[in-house]
Amino acid sequence: MVVTLTRRGKKVLSVYVRARKSATVRSIPDGSYRLFWMAGYRYSSSKRRFLVGAIYRRSFHMLSYTTIGNSYRTYTLTLRMSKYGGGSSQPINPRNFPV
């Protein structure tokens with residue numbers, strides 16, 4: 001799975017997370033972010049796409065990240081593929097996925 005955060009329509013960061021694994025991202029600048037994610041099989045790093053069975057989704061809600069002194073907001077995201085839909089996300093055209 002590839003998880004991407006955008007701010008004002010521009011990609012800020014992307015992270016590849018293998019199945020049944022987790023990732024931690026640090027040093028995220030303050031701001032509001034839109035979450036995008038793609039999942040599938042046979043990821044091609046040169047094409048930045050999954051080559052088989054790819055799905056592309058975007059969150060409905062923005063994530064707000066703010067630091068105050070030494071304190072900051074944290075998020076734990078659990079993303080699961082389901083044949084019944086994506087709860088708080090919607091499918092998008094692969095061309096609209098920020099790379």
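Below is a short write-up of the structure. The residue numbering used here restarts from 1 in each chain and proceeds along that chain's sequence as written. Since the coordinates come from a predicted model, pLDDT governs what is reported: local features require at least 70, and pairs of side-chain atoms require 80 or more to be given and counted, while whole-chain, interface and lining totals use all residues. Hydrogens are left out, water is left out, and the side-chain values use all remaining heavy atoms of the structure.

## What to know about the overall build of the protein chain
So, step 1. Segments assigned H or I by DSSP are reported as helices when at least four residues long, segments assigned E as strands when at least two residues long, and all are numbered from the N terminus. From N to C terminus, the protein chain includes zero helices and seven strands.
So, step 2. Along the protein chain, from the amino end to the carboxyl end, the secondary structure elements read β-β-β-β-β-β-β.
So, step 3. Radius of gyration here is computed from C-alpha atoms only, and the compact-globule reference equals 2.2 Å multiplied by the residue count raised to the power 0.38. In terms of C-alpha radius of gyration, the protein chain reaches 14 Å, essentially the compact-globule figure of 13 Å for 99 residues.
So, step 4. Along the first, second and third principal axes, the C-alpha atoms of the protein chain reach 45 × 30 × 25 Å.
So, step 5. Partly exposed describes any residue whose relative accessible area lies between the buried limit of under 20% and the exposed limit of over 50%, with all areas from a 1.4 Å probe on protein chains only and scaled to the type maximum. Of all 99 residues assigned to the protein chain, the portion counted as buried reaches 28%.
So, step 6. For the protein chain, the proportion of contacts with a sequence separation of at least 24, taken over those separated by at least 6, is 61%.
So, step 7. Looking at the protein chain as shown, the accessible area adds up to about 7,400 Å², and 48% of this sits on carbon and sulfur atoms. Contact definition: two residues touch when any of their heavy atoms are within 4.5 Å. Residue exposure ignores everything except the shown protein chains as possible cover, and the areas themselves are Shrake-Rupley values with a 1.4 Å probe.

## Thoughts on the side chain of Arg34
So, step 1. With respect to the helices and strands, Arg34 occurs in strand E3 (residues 31–44).
So, step 2. No salt bridge forms around the buried Arg34; measuring N to O, its nearest opposite-charge neighbour Asp30 is 18 Å away.
So, step 3. A polar contact of 2.8 Å, which involves the side chain of Arg34, links it to the backbone oxygen of Phe60.
So, step 4. Residues within four places of Arg34 in sequence aside, it is in contact with Thr4, Leu5, Thr6, Arg58, Ser59, Phe60, His61 and Met62. His is not counted, nor are the chain ends; Lys and Arg add positive charge and Asp and Glu add negative charge. Only one rule defines a salt bridge in this text: a Lys or Arg side-chain nitrogen within 4 Å of an Asp or Glu carboxyl oxygen. Side-chain atoms alone can form a polar contact between residues adjacent in sequence; in general such a contact is a pair of N or O atoms within 3.5 Å, and within protein one must be able to donate a hydrogen while the other accepts it.

## Some remarks on the packing of aromatic side chains
The description of an aromatic ring pair rests on the distance of the ring centres and on the angle between the ring planes.
So, step 1. Pairing of aromatic rings covers Phe, Tyr and Trp, the last through its six-membered ring, and needs centres within 6.5 Å; plane angles under 30 degrees mean stacked, over 60 mean edge-to-face, and all others mean tilted. Applying the stated criterion to the full structure yields five aromatic pairs.
So, step 2. The interplanar angle of 65° and the centroid separation of 5.8 Å between the aromatic rings of Tyr56 and Phe97 together place this pair among those described as edge-to-face. On the criterion of sequence distance, the pair formed by Tyr56 in strand E4 (residues 49–65) and Phe97 in the segment after strand E7 (89–91) is long-range, its members being 41 residues apart.
So, step 3. The class for Phe97 is buried, based on a relative accessible area of 3%.
So, step 4. One aromatic cluster in this structure is built from Tyr16, Tyr43 and Phe50.

## Observations regarding the sheet that holds strand E1 (residues 2–7)
So, step 1. A pair of strands is considered paired only if DSSP assigns at least 2 bridges between the two. With antiparallel pairing, the five strands of this open sheet are ordered in space as E2-E1-E3-E4-E7. Both edges of this open sheet fall to strand E2 (10–16) and E7, since each of them pairs with a single strand only. When the angles between neighbouring strand axes are averaged without regard to direction, this sheet yields 25°. Under this scheme, a helix contributes an axis fitted over its contacting stretch, all axes are lines through C-alpha atoms, and angles between N-to-C directions fall in the 0 to 180 degree range.

## A short note on the environment of Met38
So, step 1. Here Met38 lies in strand E3.
So, step 2. Since its relative accessible area comes to 1%, Met38 is described here as buried.
So, step 3. With 31 residues separating them along the chain, Met38 and Gly69 place their C-alpha atoms 34 Å apart.
So, step 4. Those residues within four positions of Met38 in sequence are excluded, and the remaining contacts are Met1, Val2, Arg48, Arg49, Phe50, Ile55, Tyr56 and Phe97.

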